[in-house]
Amino acid sequence: MNYSRIIGTGGYLPERRLTNTELETWVDTSDKWIVERTGIRTRYLANNDQDTCDLAEQAARRALEAARVDASELDLIILGTTTPDRIFPSTACLLQARLGNHGAMAFDVQAVCSGFLYALSIADKFIKTGTAQRALVVGADTYSRLVNWNDRSTCVLFGDGGGAVVLETSVSPGILSTHLHADGAYKDVLTVPGTVAQGRLNGDGFTKMQGNEVFKFAVNILKESVDETLAANQLDIKSIDWLIPHQANIRIITATAKKLNLPMEKVVVTVSEHGNTSAASVPLALDVAVRDGRIKPGNLLLLEAVGGGFTWGAILVKY
Ligand code: UT7
């Protein structure tokens, strides 16, 4: 049986670092409120001349370098994003051109904060079936452009970034199982309702969120996703070396870990520094923990995320 295996990770955060204290100067909020309710202290924002593809490219180049793979060797590029640079071509195609690859399959996946998990799962299937040998999977978002920076209920939460992995076909695992779900009945709980037509934006182009509803749903569904993944692999939570959760709110992360009986020492947390970077959140956290040496070859990793849709899921990986 073929498996897909992660052979390199990369991450990129833009230079501009926005602190809670700076936010206090124009929004009716406080560092104390933001830290207590979300755990977020800073987030990074793309410059005006940086687009999603720029963040994706930096992350991708670092992942390719770590994997010692040349972009020309890729036969699949999947990019999870909610903030594509153009309506078309896909940001994956824009990235492909930047990297100088010609001919690989390339497409975007839109599953908001679950985008990287969806992309990784699809790439895994392509590799497992022998259709692809070497894939670049990216999660990148300039989500700061979808928030109204005067709306304190949303703007304090989000930041920009990119994360990437290179996957290769392997006889040993690798990605062990992927579990994806969605329920469009929740379409209005977390949404950017606007659309582009007739050459202009129709409706609202900013994030609308029922924060409490998202919070409650997230904690329950993330625990369920982890339980589903463990059951499918006949594993106990004690076998997991690292949980790499979507980084939306430290309270969601700690509540989920508590429900799972998982000590926080086994959870990778970057939300305090990165904020919620949407599709970039999980691969960025993965890259941080790989590069600082916490994640070691052979470790069992559980990736999980939830986002607008709702979309959600979990992936079990032997690193
Ligand atoms: O990837 C998924 C994306 N979204 C999420 O994960 C969001 C999930 N939800 C959350 O993280 C939390 O619900 C929030 C952080 C958004 C809000 O925290 P909360 O504990 O649920 O607060 P709340 O919405 O119940 O608001 C409590 C109070 C309200 O004031 P009153 O009505 O009690 O007077 C808000 O107006 O806090 C107020 N408030 C703020 N105060 C200072 C809301 N935002 C802020 C703010 N600064 N930034």
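Residues numbered from 1 in each chain as written. Predicted model: local features only at pLDDT ≥ 70, side-chain atom pairs only at ≥ 80, totals over all residues. Heavy atoms only, no water.

A. Structural detail: the sheet that holds strand 4 (residues 76–80). Strand order in the open sheet made by the five strands is 1-7-6-4-5, with mixed pairing throughout. Across the chains shown, the open sheet's two edge strands, defined by having one partner strand only, are strand 1 (3–12) and strand 5 (105–109). For this sheet, the mean angle separating the axes of adjacent strands, direction not counted, is 15 degrees. Sheet topology places strand 1 next to strand 7 (residues 161–170); nine bridges connect them, and they run antiparallel. What sits directly across from Ile6, in strand 7, is Leu167. Strand contacts of helix 3 (residues 52–67): strand 1, strand 4, strand 6 (134–141) and strand 7, with the helix running at about 125 degrees to strand 1, the strand carrying the most contacts. Seen against the sheet, helix 10 (residues 281–291) touches strand 1, strand 6 and strand 7 and runs at an angle of roughly 90 degrees to strand 1. (Pairing = 2+ DSSP bridges. Helix = DSSP H or I, 4+ residues; strand = E, 2+ residues; numbered from the N terminus. Axes fitted to C-alpha atoms, helices over the stretch in contact; angles between N-to-C directions. Contact = heavy atoms within 4.5 Å.)

B. A look at helix 2 (residues 31–38). Taken residue by residue, helix 2 has Ile34, Val35 and Thr38 as its buried positions. Taken end-on, helix 2 shows its buried residues confined to a sector of 105 degrees, consistent with a single buried face. Looking at the buried residues of helix 2, the elements they touch are helix 1 (20–23), strand 3 (42–45), helix 8 (250–260) and helix 9 (271–274). Once helix 2 finishes, Gly39 follows within two positions and takes phi at roughly 80 degrees, a positive value. (Buried < 20%, exposed > 50% of the residue type's maximum accessible area, 1.4 Å probe, protein only. Arc of directions from axis to C-beta.)

C. Examining the environment of Leu95 more closely. With respect to the helices, strands and loops of the structure, Leu95 is situated in helix 4 (residues 91–99). The contacts of Leu95, once residues within four sequence positions are left out, are Cys53, Ala56, Glu57, Ala60, Ile77, Leu79, Leu136 and Val138.

D. Highlighting the domain arrangement of the protein. Domain annotation for the protein reports domain 1 (3–172) and domain 2 (176–318). Of note, the centres of domain 1 and domain 2, computed from C-alpha atoms alone, are 14 Å apart. Counting residues at the interface gives 53 residues for domain 1 and 45 residues for domain 2. Of the roughly 3600 Å² buried where domain 1 meets domain 2, counting both sides, 62% is carbon and sulfur surface. At the junction of domain 1 and domain 2, the tally comes to zero salt bridges. Applying the counting criterion to the domain 1 and domain 2 interface returns 23 residue pairs in polar contact (both at pLDDT 80 or more). For the side of domain 1 that touches domain 2, the element with the highest residue contribution is helix 5 (residues 115–128), accounting for nine residues. (Domains from an automatic or database assignment. Buried area = accessible area lost by both parts, 1.4 Å probe. Salt bridge = Lys/Arg side-chain N within 4 Å of Asp/Glu carboxyl O. Polar contact = N/O pair within 3.5 Å; in protein donor to acceptor, adjacent residues only side chain to side chain.)

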